Amino acid sequence: MTTYDDRASLSDLTATVERVRSSVEGVIEGKPEVVRLSLTVLLAEGHLLIEDVPGVGKTMLAKALARSIDCSVRRIQFTPDLLPSDITGVSIWDQQRRDFEFKPGAIFAQIVIGDEINRASPKTQSALLESMEERQVTIDGQTYELPSPFMVVATQNPVEMEGTYPLPEAQRDRFMARVSVGYPSVEAELQMLDVHGGVSPLEDLQPVAHAHDMVKLIEAVRTVHVAETVRRYAVDLVTATRTHPDLRLGASPRATLHLLRAAKASAALSGREYALPDDVQALAVAVLAHRLLPTAQAQLNRRTAEQVVQEILQRTPVPATPQQGGFGGLGHGTPVYGQQPPRRL
C-alpha cells in the first residue's frame, strides 16, 4: 500500500480535493455540505444516492462531480425498457473471428451516473449489485474488472410513484450514503439566476484533477487511524438500530463498514490523520437512514428513519475524543488519549 512520508504529499492531496470542491460548488450554489458529502463518499470508495424532488439539481450535482475529475464518465438514463445487458454489456458473435466478442456496457466507466434509477425494472436494477459491491462484472462465466476509482451516483425522485419501481433493500444497502439537495436559500437562488441565466456552467467546467490523483487520495484515506473507542461507537450506533422499537429492519454489518470508511474520509478531508466520534456523528444519518425500515405504527405516527437515527445519536454515549500528539501527515503518528479530553464541536 502506498504511504506518504512527508507532509508535502498530504498538502498536495488536500489541495486536489479543494480544487474539486471549488469546481463543483461553482455549479451547485449554496450547498457546501452536499458537495462535501459527495467527495467523502468518493474518497471512501462508496456509491451515492441523491434523492429529492425534481428540479433541485440532482443530476447537475452528479455531472459536476464527474466533469471535475479527468476520468471516464458514463450516464445511464434508467427507463422501464432498459435491459440488464445495456448496463453490464453483452457477448456478440463475430463472424470473421468465429468467436464471441464482449461489448462492454455503460457500467465500464470510473464514474457512472444513473439518472432516475427507480424507473428501471427490478431485473435491471439488480444488474448493478455485483458491480457496486465487488467492482466487477460477470458475463457468460467470464469476470471483468471495473476501472479504479469506481463510483455510482444515482438519482431518484421520492414523490413521483407512477412508472417507478422502489429500490429493494439489497440495492439501497449498496449505497454508502443518501443525500437530499434541498431547495436553495433566497440568496443562493438569486445567485443561481445570475450564473445559470445565460448558459449552463457545466459547459465551461474543466477537469481540475486526474483519476490517478483520486486513486492516491483513496489510498491515503485507507491509512487514517481509527481508535478502538471510535470503532466501538460506530458499532453501538448500528446495533441500536436493530433493537429500536420503531424499526422493523435495522442497519446491516455493511452499514457499519460504510460508516467507518466514511468517517475516515471525513477525517482526511479535514486534514486529520485520525477519525473522531464527531466524524461518525456527522455522517450517521446520511449513511444509516436509507437502510432502515420503520414499523407500520411508526409510519402512522409520522416517524421517519432520520428521526430515529437522531434519537439514537442522542441516547448513545459518546466516547472520549482522541488528541493528536503531533501532525506529520497521513500514515504517521498514533493518537494520544488524555484523561478528560475536550469535545470538538
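You'll find the structure just up there.
To keep things clear, this report deals only with the structure shown in the data block.

Analysis parameters
Residues numbered from 1 in each chain as written. Predicted model: local features only at pLDDT ≥ 70, side-chain atom pairs only at ≥ 80, totals over all residues. Heavy atoms only, no water. Helix = DSSP H or I, 4+ residues; strand = E, 2+ residues; numbered from the N terminus. Buried < 20%, exposed > 50% of the residue type's maximum accessible area, 1.4 Å probe, protein only. Contact = heavy atoms within 4.5 Å. Areas by Shrake-Rupley, 256 points an atom, 1.4 Å probe, with all protein chains shown as cover. Axes fitted to C-alpha atoms, helices over the stretch in contact; angles between N-to-C directions. Parallel < 35°, antiparallel > 145°, perpendicular 65-115°, else oblique. Left-handed = near helix turned anticlockwise from the far one by under 90°. Nonpolar A, V, L, I, M, F, W, Y, C, P; charged D, E, K, R; others polar. Pairing = 2+ DSSP bridges. Core = buried A, V, L, I, M, F, W, Y, C linked by side-chain atoms within 4.5 Å. Phe/Tyr/Trp six-rings, centres within 6.5 Å; stacked < 30°, edge-to-face > 60°. Lys NZ or Arg CZ within 6 Å of the ring centre and 35° of its normal.

**A closer look at the overall build of the chain**
In terms of regular secondary structure, the chain is built from 14 helices and 13 strands. Burial status across the chain gives 50% buried among its 345 residues. Sequence separation of 24 or more characterises 78% of the internal contacts of the chain that already satisfy a separation of 6 or more. With an accessible surface of roughly 16600 Å², the chain has 51% of that area assigned to carbon and sulfur atoms.

**A word on the packing of helix H11 (residues 253-269) against helix H12 (residues 277-288)**
It is at 9 Å that the axes of H11 and H12 come closest, and there the two elements cross at 135°. By the angle between their directions, the pair H11 and H12 is classed as oblique. Remark: the crossing between H11 and H12 carries right-handed chirality. Only Asp279, Val280, Leu283, Ala284, Val287 and Leu288 of H12 make contact with H11, whose side of the interface consists of Ala255, His258, Leu259, Ala262, Ala263, Ser266 and Ala267. Looking at the contact of H11 with H12, its residues break down into 10 nonpolar, 2 polar and 1 charged.

**Observations concerning the sheet that holds strand E1 (residues 48-51)**
On the basis of which strands lie adjacent, the open sheet formed by 5 strands has the order E3-E6-E9-E1-E10 and parallel pairing. Pairing within the sheet leaves two strands with one partner each, and these edge strands are strand E3 (73-77) and strand E10 (177-179). Ignoring strand direction, the axes of neighbouring strands in this sheet form an average angle of 20°. Bridging between E1 and strand E9 (residues 151-156) involves 4 bridges; their strand directions are parallel. Pairing of Leu49 across the sheet is with Ala154, part of E9. Each of E1, E9 and E10 is contacted by helix H2 (residues 32-43), which is oriented at about 160° to E10, the strand it contacts most. Across the sheet, helix H3 (residues 58-67) is in contact with E1, E3, strand E6 (111-115) and E9; its angle to E6 comes to roughly 170°.

**With respect to the nonpolar core**
Counting 71 residues, the largest nonpolar core has Val24, Leu48, Leu61, Val280 and Leu288 as its most contacted members. Sorting elements by how many residues they give to this core places H11 first, with 8 residues. In this structure, Val280 is in contact with Val230, Tyr233, Ala234, Leu237, Leu259 and Ala263, ignoring residues within four places of it in sequence.

**Digging into the packing of aromatic side chains**
For the structure on display, the rule yields 4 aromatic pairs. Seen from their ring centres, Trp93 and Phe100 are 5.1 Å apart, and the 75° between their planes marks the pair as edge-to-face. Overall, the relative accessible area of 39% leaves Trp93 in the partly exposed class. When the ring of Phe108 is compared with that of Tyr144, the centres are 6.5 Å apart and the planes differ by 80°; the resulting orientation is edge-to-face. Residue Phe108 is located in the loop between strand E5 (99-104) and E6, and its partner Tyr144 is located in strand E8 (residues 142-145); the two are separated by 36 residues in the primary sequence. A relative accessible area of 23% means that Tyr144 is categorised as partly exposed. Taking the ring centre of Tyr274 as reference, the NZ or CZ of Arg272 above it sits at 6.0 Å.

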